[in-house]
Amino acid sequence: MKKLNSCKNIYKQINGEINFSVKNSVCLLTIGLVGIFLVFNLIFTTVFERFYENTNKYYFLCNTGIYVCTFISLFIYIVISKINFRKSIVSWKQIVFGLLIGAGLIGFSHLYGLLTSGISGSNTNQEIALGIANTYKIPSIFILGIIGPIVEELTYRAGLFELLKKTIKNKVPAYIITSIFFAFIHFNFLAENIVVELISLPVYLLAGFALSFTYDKLGLVGSIAAHILNNILSILL
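Report follows, based on the coordinates. (Residues numbered from 1 in each chain as written. Predicted model: local features only at pLDDT ≥ 70, side-chain atom pairs only at ≥ 80, totals over all residues. Heavy atoms only, no water.)

1. Some thoughts on the overall build of the protein
Here comes step 1: Looking only at helices and strands, the protein has 8 helices and 0 strands in total.
Here comes step 2: The order of helices and strands in the protein, counted from the N terminus, is α-α-α-α-α-α-α-α.
Here comes step 3: The C-alpha atoms of the protein give a radius of gyration of 18 Å, which matches the 18 Å a tight globule of 237 residues would have.
Here comes step 4: Judged by the C-alpha coordinates and their principal axes, the protein covers about 60 × 45 × 35 Å.
Here comes step 5: Every one of the 237 residues in the protein was classed for burial, and the buried ones make up 43%.
Here comes step 6: By sequence separation, contacts in the protein at least 24 residues apart represent 81% of the contacts at least 6 residues apart.
Here comes step 7: Put simply, the protein shows about 12700 Å² of open surface, and 70% of that area lies on carbon and sulfur atoms.
Here comes step 8: Between the centroid of the 18 positive side chains of the protein and the centroid of its 10 negative side chains there is a distance of 21 Å. (Helix = DSSP H or I, 4+ residues; strand = E, 2+ residues; numbered from the N terminus. Rg over C-alpha atoms; globule rule 2.2 N^0.38 Å. Buried < 20%, exposed > 50% of the residue type's maximum accessible area, 1.4 Å probe, protein only. Contact = heavy atoms within 4.5 Å. Areas by Shrake-Rupley, 256 points an atom, 1.4 Å probe, with all protein chains shown as cover. Lys, Arg positive; Asp, Glu negative; His and termini not counted. Charge placed at Lys NZ, Arg CZ, Asp CG, Glu CD.)

2. Concerning the packing of aromatic side chains
A ring pair, where both rings are aromatic, is described by two values, the distance of the centres and the angle of the planes.
Here comes step 1: The full count for this structure, using the stated rule, is 13 aromatic pairs.
Here comes step 2: When the centroid spacing of 4.4 Å and the interplanar angle of 15° are considered together, the rings of Phe60 and Tyr136 count as stacked. Of this pair, Phe60 sits in helix 3 (residues 56–81) while Tyr136 sits in the loop between helix 5 (124–135) and helix 6 (137–168), and the two are 76 residues apart along the sequence.
Here comes step 3: Ring-pair connections join several aromatic residues into one group, and the members of that group are Phe161, Tyr175, Phe209 and Tyr215.
Here comes step 4: Here the guanidinium or amino end of Arg157 rests over the ring plane of Phe182, the centre of that ring lying 4.8 Å away. (Phe/Tyr/Trp six-rings, centres within 6.5 Å; stacked < 30°, edge-to-face > 60°. Lys NZ or Arg CZ within 6 Å of the ring centre and 35° of its normal.)

3. Regarding the packing of helix 7 (residues 171–184) against helix 8 (residues 194–236)
Here comes step 1: Between helix 7 and helix 8, the least distance of the axes is 8 Å, while the angle of their chain directions is 120°. Comparing the axis directions of helix 7 and helix 8 gives the class oblique. For the crossing formed where helix 7 meets helix 8, the hand is right-handed. Across the interface between the two elements, Lys171, Tyr175, Thr178, Ser179, Ile180, Phe182, Ala183 and Phe184 of helix 7 pack against Leu201, Tyr204, Leu205, Ala207, Gly208, Phe209, Leu211, Ser212, Phe213, Asp216, Lys217 and His227 of helix 8.
Here comes step 2: In terms of residue class, the contact of helix 7 with helix 8 is built from 12 nonpolar, 5 polar and 3 charged. (Axes fitted to C-alpha atoms, helices over the stretch in contact; angles between N-to-C directions. Parallel < 35°, antiparallel > 145°, perpendicular 65-115°, else oblique. Left-handed = near helix turned anticlockwise from the far one by under 90°. Nonpolar A, V, L, I, M, F, W, Y, C, P; charged D, E, K, R; others polar.)

4. Details of the pattern of salt bridges
Here comes step 1: For the structure on display, the rule yields 5 salt bridges.
Here comes step 2: Here Lys166 and Glu162 are joined by a salt bridge, their closest N and O atoms 3.5 Å apart. Here the residue Lys166 and the residue Glu162 both occupy positions in helix 6, the gap between them amounting to 4 residues, near one helical turn.
Here comes step 3: Note on Lys166: relative accessible area 27%, which makes it partly exposed.
Here comes step 4: For Lys165, the salt bridge identified is with Asp216, shortest N-O distance 3.4 Å. (Salt bridge = Lys/Arg side-chain N within 4 Å of Asp/Glu carboxyl O.)

Next up, the structure:
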């Protein structure tokens, strides 16, 4: 019994869980989705397509505007709703294990890319990200490597995954739905070569599952660390 309690205490120390309420999760999910896909997306794509349509500068400016404004919106909500992050125990284990999972994701992604290189190239999301990274290396590390992952983890893990976990009260559907949702937001349904998009899908499904698992076991700090490392390595390698 003592050993079981000891294991639970260790898990709590590693997890450092922030107790998001259902209301918090609904709001984080809504703010994130509305910001990324509707309001800020519409504003910045409309403004910049007049001058830089389908260029690396256009995609960089749009992504910067969308992610920064959504980040600010989420931050304002967190402050107003008084979600106390300081009560969360942040340990080096969260960060280290999160980074290891992030490194594992990028390793799998490169291996999968090598195995499918003969039948598939980069999908739309990868091409845009690579174009931005090659043209704006340092700024893209900050926007796509740090701000983007924080926004997505607050939206999809603290928002969607946490909401499903608490309302359905079953982690399995939460993992499945969040992983599929995460995969398909990186899927271009209007792509000329839909086969490339489909071949790339397993990478995003695994990423969605792995980040949800990291969030579930290590907390928000762990999933953010994993996501940030994965994106930064994708930019640099």
